[in-house]
Amino acid sequence: MSRKVDIRHHEKQKANIAEAVWRLAARAGLESVSMREVATEAGISNGRVQYYFPNKDAMLLYALQLAQRRMEGRVQQRLRELPEPVDGESVLRAVLDEMLGDDPDTQQVIRVSVAYHGRALEDPYVAQVLMGDDVELRSHAASVVREAKADLRAPPGVDPEKEARIIWSLASSLASEIAFGQLPTQDARTTMHYHLDRILGG
């Protein structure tokens, strides 16, 4: 039992540090984040941060991975709430609605991800963590468009692969505008639904 408690405490402390990284990165950009600043933001000693993370890179990577895991958890919860039977289009729309939602944690993930883009140019592993799911998501979107095309719901001449890329590019752009306070959530969702309805025959 004590080992389980220790593990939970360990993960809670690491999450506290990661959340401090998110706040600092959102306010001042990723490169300005130092372990000492994170310690101050998290309300712990610098030595405590170094106990959990041997260096800044390990800390930043963990913060990114945790942010994405939490967003994935919210997406999974949204999918569990869909009425049966669940089809591919419903899944696609649910994922996009989460990306374009007003959940403060989701918006924080978007801001943090934007802050990591510069580091992704230098670190292939960070790039993989940031964009590794993009291929799978685009593949799912292409499958949904392909089904709409087969059912004659999509406009003539639609290219599923190109439309999938457009869908995710539009979602990323709208999500960034929401996260940085440039666009209301409802306007972003209305824009996305308009595009999906036009392509999928909604």
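Residues numbered from 1 in each chain as written. Predicted model: local features only at pLDDT ≥ 70, side-chain atom pairs only at ≥ 80, totals over all residues. Heavy atoms only, no water.

Draft legend 1. Examining the overall build of the protein more closely. In terms of helices and strands, the protein carries 10 helices and zero strands. With respect to the three principal axes, the spread of C-alpha positions in the protein is 60 × 40 × 30 Å. Sorting the 202 residues of the protein into buried and exposed places 41% on the buried side. If you take every contact in the protein between residues at least 6 apart in sequence, the share linking residues at least 24 apart comes to 67%. With an accessible surface of roughly 11300 Å², the protein has 52% of that area assigned to carbon and sulfur atoms. Put simply, the protein has 26 plus and 30 minus side-chain charges, and the middle of one group is 6 Å from the middle of the other. (Helix = DSSP H or I, 4+ residues; strand = E, 2+ residues; numbered from the N terminus. Buried < 20%, exposed > 50% of the residue type's maximum accessible area, 1.4 Å probe, protein only. Contact = heavy atoms within 4.5 Å. Areas by Shrake-Rupley, 256 points an atom, 1.4 Å probe, with all protein chains shown as cover. Lys, Arg positive; Asp, Glu negative; His and termini not counted. Charge placed at Lys NZ, Arg CZ, Asp CG, Glu CD.)

Draft legend 2. Representation of helix H7 (residues 124–131) in the model. When H7 is considered as a whole, its buried residues turn out to be Val126, Val129 and Leu130. On an axial view of H7, the arc spanned by its buried residues comes to 100°, and they lie on one face. What points out from H7, more than 90 degrees from its buried face, is the exposed set Pro124 and Gln128. (Arc of directions from axis to C-beta.)

Draft legend 3. Focus on the side chain of Thr185. Of note, Thr185 is situated in helix H10 (residues 185–200). If we skip the residues at most four places from it in the chain, Thr185 touches Leu100, Gly101, Asp102, Gln107 and Ile178.

Draft legend 4. Local environment of helix H9 (residues 160–179). The end-to-end C-alpha separation of H9 is 28 Å, in line with the 28 Å expected for 20 residues at 1.5 Å each. Where H9 is concerned, the buried positions are Pro160, Glu163, Ala164, Ile167, Trp168, Ala171, Leu174, Ala175, Ile178 and Ala179. Around the axis of H9, the buried residues are gathered within 130° of arc, so they sit on the same side. Where H9 is buried, its residues meet helix H5 (88–99), helix H6 (104–122), helix H8 (134–150) and H10. Two or three places before Glu161, at the start of H9, stands the capping residue Asp159, its side-chain oxygen 3.0 Å from that residue's backbone nitrogen. (Expected span 1.5 Å × (residues − 1). Polar contact = N/O pair within 3.5 Å; in protein donor to acceptor, adjacent residues only side chain to side chain.)

Draft legend 5. Molecular detail of the packing of H6 against H7. H7 packs onto H6 with a crossing angle of 140° between their chain directions and a minimal axis gap of 7 Å. In terms of axis orientation, H6 runs oblique to H7. Between H6 and H7 lies a crossing of left-handed hand. Mapping the contact onto sequence places Ser113, Tyr116, His117, Arg119, Ala120 and Glu122 in H6 and Pro124, Val126, Ala127 and Leu130 in H7. For the contact of H6 with H7, the class distribution of residues is six nonpolar, two polar and two charged. (Axes fitted to C-alpha atoms, helices over the stretch in contact; angles between N-to-C directions. Parallel < 35°, antiparallel > 145°, perpendicular 65-115°, else oblique. Left-handed = near helix turned anticlockwise from the far one by under 90°. Nonpolar A, V, L, I, M, F, W, Y, C, P; charged D, E, K, R; others polar.)

Draft legend 6. Expanded view of the packing of aromatic side chains. Tallying each qualifying case throughout the model produces two aromatic pairs. A centroid spacing of 5.4 Å and a plane angle of 50° characterise the contact between Phe53 and Tyr62, whose relative ring orientation is tilted. The exposure class of Tyr62 is buried, given its relative accessible area of 9%. (Phe/Tyr/Trp six-rings, centres within 6.5 Å; stacked < 30°, edge-to-face > 60°.)

Draft legend 7. Structural view of unusual backbone geometry. Note that the residue after Glu84, namely Pro85, is joined by a cis bond; omega there is -10°. Counting through the fold element by element, Pro85 comes out in the loop between helix H4 (56–80) and H5. One non-glycine residue, Leu152, adopts positive backbone phi at about 65°. In this structure, Leu152 sits in the loop between H8 and H9.

Draft legend 8. How the structure looks around the environment of Leu61. Assignment of secondary structure puts Leu61 in helix H4. Sequence separation between Leu61 and Val126 is 65 residues; the distance between their C-alpha atoms is 7.0 Å. Setting aside anything within four residues of it in sequence, one finds Leu61 in contact with Tyr116, Tyr125, Val126 and Val129.

Draft legend 9. Spatial organisation of the nonpolar core. Counting residues in each nonpolar core, the largest one holds 61 residues, and the members touching the most others are Val38, Met59, Leu96, Tyr116 and Trp168. The biggest single contributor to this core is H4, with 10 residues. In this structure, Leu96 is in contact with Ile167, Trp168, Ala171, Met192 and Leu196, ignoring residues within four places of it in sequence. (Core = buried A, V, L, I, M, F, W, Y, C linked by side-chain atoms within 4.5 Å.)

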